[in-house]
Amino acid sequence: LKRAPPAEARTGTGSLADRLAALQTLSTGPDPTMRVETPAELPAAPTSPKRGLAIAAGLFAGLILGIGGAFGLQALDPRLRREDQLRELYRLPILARVPNERHPDDRPLLPRELGHGAREAYRRLQTVLGLARSEGGSRAVLITSASAGEGKTTTAINVATALAIAGDRVILVEADLRRPVLGAAFGVQARHGTGSLLLGRAELDDCLVTTKPYGPFLRLLLADRDGQATGWLSDWLMLPAARRLVDACRAEADYVIIDSPPLAVVVDALPLAQTVDDVLLVVRLGGTRLARLGQLAELLDQQGIEPAGFAVLGVPAPAGGQDDAYGYAPVGRPPADVVVSPTEHGA
């Protein structure tokens with residue numbers, strides 16, 4: 001058996017002390033082969049890690065990764081981020097800018113559920129449409145979008161109600177037969193609706209329903225509540241039937257507002273777009289896919305349809321919560337049981 005080495009040999013302490021003593025002896029002794037070239041200086045800071053360099057490198061790397069990620073996201077899923085993109089791609093005016101307001105359930109919003117800024121934006125849009133009608137006669141406007149969930153139904157509801165409050169006779173038509181939501185939004189039902197009218201099973205007067213806050217100034221042409229207005233019934237929206245439907249509504253109203261399905265996804269309501277006076281395109285910042293919007297623009301161009309302009313939703317609210325610097329206070333909301341009167345709104 002080998003004998004265990006002493007503790008000093010195991011730790012190396014003794015040998016290190018011997019070496020240090022030998023070096024000290026050499027440094028003080030007359031050895032012509034050794035001399036001190038430069039005495040060592042005590043450093044003022046650690047040589048590693050270099051915090052300033054590490055922070056700068058981290059910031060630079062984060063900037064590069066952020067820019068690269070943004071470009072990658074734009075390349076893989078290009079969406080509408082700025083109004084400038086609309087101006088660069090399409091020569092159409094922006095008719096309204098609506099602040100970002102969405103319900104958690106992603107359902108359409110009625111005027112009483114909107115903030116002051118959004119209500120004013122829809123009032124401006126109603127004013128633009130009102131000026132377009134100054135030439136006389138009724139006017140039909142189809143409201144659509146490139147994809148679902150961009151706010152077209154909310155826009156259709158609020159444009160129609162703003163016109164009704166102004167004292168105009170309005171018919172709001174539910175042409176999105178695959179996903180009808182207007183009845184639920186207003187809390188009303190119709191025994192007969194768009195499907196019955198297209199099939200000739202009912203007259204227009206039998207299909208229209210009213211809501212208490214707006215009285216006879218806003219009437220709704222809803223999808224049939226029995227569910228027949230889905231699938232195959234959308235094939236009945238051919239050009240002759242679409243023209244008859246729009247003409248019948250024109251005869252009964254000053255404005256016909258049509259809530260269309262997203263035409264870039266479903267072309268059911270394209271014949272309606274060929275019969276109306278104006279087509280309004282609804283887009284949402286951060287939501288509208290530029291590829292789908294391009295498909296919609298190409299589809300409308302092929303049919304010779306030039307839209308009136310854009311309604312841009314999802315616009316950031318002004319800083320400080322103020323709608324503008326002019327000083328107007330938010331307008332109070334009327335009670336739910338107040339019926340619109342033509343004498344009060346200058347009809």
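Everything discussed here concerns the structure shown above.
First things first, this report covers the structure right here in the doc. (Residues numbered from 1 in each chain as written. Predicted model: local features only at pLDDT ≥ 70, side-chain atom pairs only at ≥ 80, totals over all residues. Heavy atoms only, no water.)

## Things to note about the overall build of the protein
Stage number 1. Of the regular secondary structure elements, the protein holds 12 helices and 8 strands.
Stage number 2. In the protein, buried positions account for 42% of the 347 residues.
Stage number 3. The long-range fraction of contacts in the protein, counting pairs at least 24 apart against all pairs at least 6 apart in sequence, stands at 80%.
Stage number 4. As presented, the protein carries roughly 20300 Å² of accessible surface, and 56% of it is formed by carbon and sulfur atoms. (Helix = DSSP H or I, 4+ residues; strand = E, 2+ residues; numbered from the N terminus. Buried < 20%, exposed > 50% of the residue type's maximum accessible area, 1.4 Å probe, protein only. Contact = heavy atoms within 4.5 Å. Areas by Shrake-Rupley, 256 points an atom, 1.4 Å probe, with all protein chains shown as cover.)

## Overview of the layout of surface pockets
Stage number 1. Roughly 510 Å³ of volume is contained in the second largest pocket.
Stage number 2. Looking at the second largest pocket, it is lined by 25 residues, and the ones nearest its centre are A148, G149, K152, T153 and R179.
Stage number 3. The leading source of residues in the lining of the second largest pocket is helix α6 (residues 152–165), at 3 residues.
Stage number 4. Residues of the lining of the second largest pocket, tallied by class, amount to 8 nonpolar, 7 polar and 10 charged. (1 Å grid on protein atoms, 1.4 Å probe; cavity = no way out; pocket = protein on both sides within 12 Å on 5 of 7 lines; lining within 4 Å. Points joined across faces, edges and corners; volume = space filled by probe spheres on them. Nonpolar A, V, L, I, M, F, W, Y, C, P; charged D, E, K, R; others polar.)

## Details of the nonpolar core
Stage number 1. With 49 residues, the main nonpolar core has L86, L221, I258, L272 and F310 as its most contacted residues.
Stage number 2. Ignoring anything within four residues of it in the chain, the contact list for L86 reads L80, I94, V283, L293, F310 and V312.
Stage number 3. The next biggest cluster of nonpolar side chains, apart from the first, holds 37 residues, and it includes L182, Y214, I257 and L280. (Core = buried A, V, L, I, M, F, W, Y, C linked by side-chain atoms within 4.5 Å.)

## Quick word on the side chain of T211
Stage number 1. Position of T211 among the secondary structure elements: in strand β4 (residues 208–211).
Stage number 2. Taking the relative accessible area as the measure of exposure, T211 reaches 6% and is therefore buried.
Stage number 3. Contact partners of T211, with chain neighbours within four places excluded, come to F186, V188, L218 and L220.

## Notes on the sheet that holds strand β8 (residues 309–315)
Two pairing modes exist for strands in a sheet, parallel and antiparallel, and in both the strands are linked by backbone hydrogen bonds.
Stage number 1. Pairing in this open sheet of 8 strands is mixed, and the strands run β1-β8-β7-β2-β6-β3-β5-β4 from one edge to the other. The outermost strands of the open sheet, each flanked by one partner alone, are β1 (94–99) and β4. This sheet shows a mean twist of 25 degrees between the axes of neighbouring strands, independent of strand direction.
Stage number 2. Sheet topology places β4 next to strand β5 (residues 215–221); 4 bridges connect them, and they run antiparallel. Opposite V209, over in β5, you have L220 as the bridge partner.
Stage number 3. Against the sheet, α6 engages β2 (139–145), β3 (170–174), β5, β6 (255–259), β7 (278–284) and β8, with an angle of about 165 degrees to β6. (Pairing = 2+ DSSP bridges. Axes fitted to C-alpha atoms, helices over the stretch in contact; angles between N-to-C directions.)

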